[in-house]
Amino acid sequence: MDEVLRSTGDAVVERLALGRGSLELALRLWNDEIVLLRAEGVTFLEDRGTWECDAIVRQPDLDELGGRGFGVVDTDGVVTLRFRATSFYPNE
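Residues numbered from 1 in each chain as written. Predicted model: local features only at pLDDT ≥ 70, side-chain atom pairs only at ≥ 80, totals over all residues. Heavy atoms only, no water.

(A) Structural context of the pattern of salt bridges. Across all of its chains, the model carries nine salt bridges by this definition. In this structure, the salt-bridge partner of Glu40 is Arg38, at a minimum N-O distance of 2.6 Å. Exposure remark for Glu40: the relative accessible area of 27% places this residue in the partly exposed category. What makes Arg38 partly exposed here is its relative accessible area of 32%. Arg82 is the partner of Asp61 in a salt bridge, and the nearest nitrogen-oxygen pair spans 3.2 Å. With a gap of 21 residues between them, Asp61 in the loop between strand 5 (52-58) and strand 6 (68-73) and Arg82 in strand 7 (residues 79-85) connect regions that are remote in the sequence. Given the relative accessible area of 55%, Asp61 is considered exposed. One salt-bridge network, in which partners are shared between bridges, spans Arg15, Glu24, Arg38 and Glu40. (Salt bridge = Lys/Arg side-chain N within 4 Å of Asp/Glu carboxyl O. Buried < 20%, exposed > 50% of the residue type's maximum accessible area, 1.4 Å probe, protein only. Helix = DSSP H or I, 4+ residues; strand = E, 2+ residues; numbered from the N terminus.)

Printed below as a string of structure tokens:
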């Protein structure tokens, strides 16, 4: 199992926005709180239909050229969004 950086417990991805080398995820938590997560220096992104978010995890197999790999895990334990970034703030 990949290292869990943040458990989000049945959150829903409200918005996923990709800008110039940045990624912003807006998650609606079980209590309707919206949490914004931001990654900078994004050089790789693979989205397999991200809708649910149970956890944010590290994906070391994506580490390359100063970037680190991260993923969004759905409620079935499947990584549906993978990306590489130079900085990511999953705890804000």
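Read on for the rest.
(B) Up close: the packing of aromatic side chains. In the structure shown here, the tally under the stated rule is three aromatic pairs. Considering the side-chain rings of Phe70 and Phe88, the 4.9 Å spacing of their centres and the 55° angle between planes classify their relative orientation as tilted. Of the two residues, Phe70 sits in strand 6 while Phe88 sits in strand 8 (residues 87-89), which places them 18 residues apart along the sequence. Under the relative-accessibility criterion, Phe70 is labelled buried at 4%. Ring geometry for Phe83 against Phe88: centres 5.2 Å apart, planes inclined by 85°, an arrangement best described as edge-to-face. There is no split in this pair, since Phe83 and Phe88 are both buried. Members of the aromatic cluster, connected to one another through ring pairs, are Phe70, Phe83 and Phe88. (Phe/Tyr/Trp six-rings, centres within 6.5 Å; stacked < 30°, edge-to-face > 60°.)

(C) Main features of the pairing of strand 1 (residues 4-18). Sheet topology note: the strand 1/strand 5 ladder contains five bridges and is antiparallel. Among the inter-strand pairings, Ala11 is bridged to a residue of strand 5, identified as Cys53. As judged from the six bridges shared by strand 1 and strand 2 (residues 22-28), these two strands associate in the antiparallel manner. Directly across from Ala17, in strand 2, lies its bridge partner Glu24. Hairpin connection from strand 1 to strand 2: three residues lie between these consecutive antiparallel strands, with Gly21 at a positive phi of about 75°. (Pairing = 2+ DSSP bridges.)

(D) Region of interest: the environment of Arg58. Positionally, Arg58 belongs in strand 5. Arg58 sits 21 residues away from Leu37 along the chain, and the two C-alpha atoms are 14 Å apart. Beyond its immediate stretch of four places on either side in the chain, Arg58 contacts Asp2, Glu3, Leu5, Asp63, Arg68, Gly69 and Phe70. Side-chain polar atoms of Arg58 contact the side chain of Asp63, separated by 2.8 Å. (Contact = heavy atoms within 4.5 Å. Polar contact = N/O pair within 3.5 Å; in protein donor to acceptor, adjacent residues only side chain to side chain.)

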